[in-house]
Amino acid sequence: MHSAVLYLAILMAGSNFDGVWKFPPPPPPEQYGNVLITRLTSKSTHPPVAFSHWLHRRYFTCRVCHFELGFALKTNTTEITEAKIRKGEYCGACHNDRVAFGVSEGTCTMCHTGKVSSSDGRFSELKDLPKSRYGDGLNWVKALRKNFIQPKASILDSKYESIPFDKNLRLEPEWGLIKTKAIFPHAKHTEWLDCADCHPDIFNIQKKGTRHFRMEYMLEGKFCGACHLTVAFPLQDCKRCHPDLD
Ligand code: HEC
Ligand code: HEC
Ligand code: HEC
Ligand code: HEC
Ligand code: HEC
Ligand code: HEC
């Protein structure tokens, strides 16, 4: 959208920005962050594989899977195969009968469920975690900081400690009509993620070095939208990034 047109749309929509951006329809909280892996199974007789983020992230930070184990931040782009899992790669780094159930005749259908709703029944296990309004309805920042959960940040290096990097950034829109500064707290991200999960692929390491840093691109899954549409709290939750908006 041209910025002048966007400005008018925002003025007309009022402070809640209704109708300015099209958000993907929200799934039920217990299915937010669940993905269906179909890269190979769409062509095989085995049903697609369900993977739930809320079920796993209380035990492991993002870094474990998206840095150490090499899962991509986009579903169906990682070259996971059954043979690699049996060799201990990808899901097999844990699904090996030591950390979690392994691959055997009795367990195929635990992963190959064909539907994103297969872990719905276990969502109530998280009922005591702090709440938020959108997405899976859970406030993972508070859950971690208040010690409700103690996810492991490494499974390969028992001495790993995350690099302390407590730099808060204020991001200002690149056009001057509306002042909606966004905040980016590094520490609340590096508690979960590795620097390499964001730099340099998603963000330039230089403040304001990222071009086209705008809401409409985030809604396409770029920049903050790489995580804040599907796994971390979604873009609907304006105030957590724009504390000045009301
Ligand atoms: C136990 C492993 C594991 C953990 C922990 C984990 N992920 Fe994932 N994630 C996956 C897998 C597997 C996929 C699918 C990858 C594929 O199919 O190529 C995925 C996919 C994604 C996607 C793409 C979603 C989509 O709709 O395409 C995003 C974004 C993502 N993860 C973010 C995160 C964030 C943020 C965290 C931490 C809060 C996290 N993940 C923790 C395993 C994990
Ligand atoms: C870093 C370790 C780790 C990785 C990697 C991992 N898992 Fe898990 N997974 C676990 C653990 C631990 C549990 C057991 C959690 C529990 O039962 O509370 C689990 C549980 C599950 C469950 C059971 C869900 C339920 O409703 O009971 C499924 C299904 C599953 N994982 C699928 C996968 C798939 C598919 C992958 C790869 C795409 C994967 N996991 C990668 C650690 C991992
Ligand atoms: C821990 C979860 C998990 C378990 C348990 C599991 N799989 Fe898979 N399997 C996967 C994932 C993830 C893929 C990749 C799916 C895709 O790309 O569509 C996969 C892919 C496959 C494929 C596609 C072809 C290929 O070569 O990769 C077949 C066939 C398959 N699994 C069979 C089985 C059988 C049979 C069992 C039980 C003996 C089983 N799986 C148990 C997670 C699992
Ligand atoms: C995950 C964090 C995040 C969330 C949630 C979020 N924004 Fe943004 N928003 C940003 C960032 C980052 C920018 C770009 C700031 C810059 O240009 O430096 C931005 C820019 C904007 C702009 C400037 C114009 C534009 O398109 O870039 C407006 C207006 C805006 N956001 C409103 C909203 C509203 C309304 C919501 C809720 C519906 C929202 N934002 C949710 C991070 C977020
Ligand atoms: C969740 C994504 C994410 C993670 C993880 C992350 N960063 Fe950043 N980083 C950003 C964003 C967004 C910016 C601002 C980019 C812009 O304005 O174009 C940034 C900017 C920076 C800057 C420039 C700051 C300035 O004031 O110019 C440095 C240096 C940096 N990051 C280092 C790190 C280091 C070191 C780590 C790991 C300890 C890390 N980042 C982890 C997203 C991330
Ligand atoms: C690689 C994934 C990823 C990217 C990219 C990312 N975030 Fe996050 N962000 C997270 C995760 C994970 C959390 C922890 C909370 C959660 O999972 O809901 C988080 C938390 C936050 C918080 C803390 C909210 C609070 O309640 O204290 C803010 C603010 C935030 N992100 C803003 C941003 C902005 C702005 C951008 C883009 C400049 C961005 N994030 C990009 C994954 C990401």
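Numbers given for residues are sequential positions, taken from 1 along each chain in its written order. Chain letters and ligand numbers both follow the written order, the letters beginning at A and the numbers at 1. For a predicted model such as this one, the threshold for reporting local features is a pLDDT of at least 70, and the threshold for listing and counting side-chain atom pairs is 80 or more; totals across whole chains, interfaces and linings nevertheless cover every residue. Hydrogens are left out, water is left out, and the side-chain values use all remaining heavy atoms of the structure.

Draft legend 1. Quick look at the coordination of the iron atom of ligand 5. Taken together, the protein ligands of the iron atom of ligand 5 are His186 (NE2) and His199 (NE2), with distances of 2.0 Å. The donor definition counts N, O and S atoms within 2.8 Å of each metal and applies 3.2 Å to Na, K and Ca; water is not among these atoms, so some sites may look incomplete. In short, tetrahedral needs four donors with all angles between 85 and 135 degrees, square planar needs four and octahedral six donors with opposite donors over 155 degrees apart and all other angles between 65 and 115, and whatever is left is irregular. Around the iron atom of ligand 5 sit six donor atoms, and with donor-metal-donor angles ranging over 85 to 179° the site reads as octahedral. You can see His186 sitting in helix H7 (residues 186-190) and its partner His199 sitting in the loop between helix H8 (195-198) and helix H9 (215-218), a full 13 residues away along the chain. Numbering of helices and strands starts at the N terminus; helices are DSSP runs of H or I of at least 4 residues and strands are runs of E of at least 2.

Draft legend 2. View of the pattern of salt bridges. Any Lys or Arg side-chain nitrogen found within 4 Å of a carboxyl oxygen on Asp or Glu counts as a salt bridge. In total, this model carries nine salt bridges according to the counting rule given. Put simply, Glu125 and Arg58 hold a salt bridge, and the shortest N to O gap is 2.6 Å. Placement of Glu125 in the loop between helix H5 (108-111) and helix H6 (140-145) and of Arg58 in the loop between helix H2 (53-57) and helix H3 (62-68) is noted, with a sequence separation of 67 residues between them. Note on classification: 1.4 Å probe, protein chains only; a residue is buried when its accessible area is under 20% of the maximum for its type, exposed when over 50%, partly exposed between these limits. The class of Glu125 is partly exposed, set by a relative accessible area of 41%. Accessibility expressed as a relative area gives 12% for Arg58, which makes it buried. Salt bridges sharing common partners tie together Arg58, Arg122 and Glu125.

Draft legend 3. Highlighting the coordination of the iron atom of ligand 1. Within the first shell, the iron atom of ligand 1 binds the protein through His53 (NE2) and His66 (NE2), at distances of 2.0 Å. Every donor counted, the six donor atoms about the iron atom of ligand 1 form angles of 88 to 180° at the centre, which fits octahedral coordination. Highlighted residues: His53 in helix H2 and His66 in helix H3, separated in sequence by 13 residues. For the pair formed by His53 and His66, the shared burial category is buried.

Draft legend 4. Expanded view of the environment of His189. Relative to the helices and strands, His189 is located in helix H7. Sequence separation of His189 and Val141 is 48 residues, and the distance between their C-alpha atoms is 9.1 Å. Contact partners of His189, with chain neighbours within four places excluded, come to Phe184 and His228. In protein, a polar contact means a hydrogen-donor-capable atom and an acceptor-capable atom, both N or O and within 3.5 Å, with residues adjacent in sequence counting only if both atoms are side-chain atoms; elsewhere, any N or O pair within 3.5 Å suffices. A distance of 2.8 Å separates a polar atom in the side chain of His189 from the backbone oxygen of Pro185. In this description, contact between two residues means that some pair of their heavy atoms is separated by no more than 4.5 Å.

Draft legend 5. Just the packing of aromatic side chains, in detail. Think of it this way: a Phe, Tyr or Trp ring, Trp meaning its six-membered ring, pairs with another when their centres are within 6.5 Å, and the plane angle makes it stacked under 30 degrees, edge-to-face over 60, tilted otherwise. This model, assessed by the stated rule, comprises six aromatic pairs. Between Trp54 and Phe123, the aromatic rings sit 5.0 Å apart at their centres with planes inclined by 70°, giving edge-to-face as the arrangement. Remark: Phe123 occurs in the loop between H5 and H6 and Trp54 occurs in helix H2; sequence separation between them is 69 residues. Overall, Trp54 belongs to the buried group, its relative accessible area being 1%. Geometrically, the ring pair formed by Phe71 and Tyr90 is tilted, given 5.2 Å between the ring centres and 50° between the ring planes. Placement of Phe71 in the loop between H3 and helix H4 (82-86) and of Tyr90 in the loop between H4 and H5 is noted, with a sequence separation of 19 residues between them.

Draft legend 6. Layout of the side chain of Ser52. Within the element layout of this structure, Ser52 appears in strand E2 (residues 49-52). Sequence-distant contacts of Ser52, defined by excluding residues within four places in its chain, comprise Gly33, Asn34 and Ser119.

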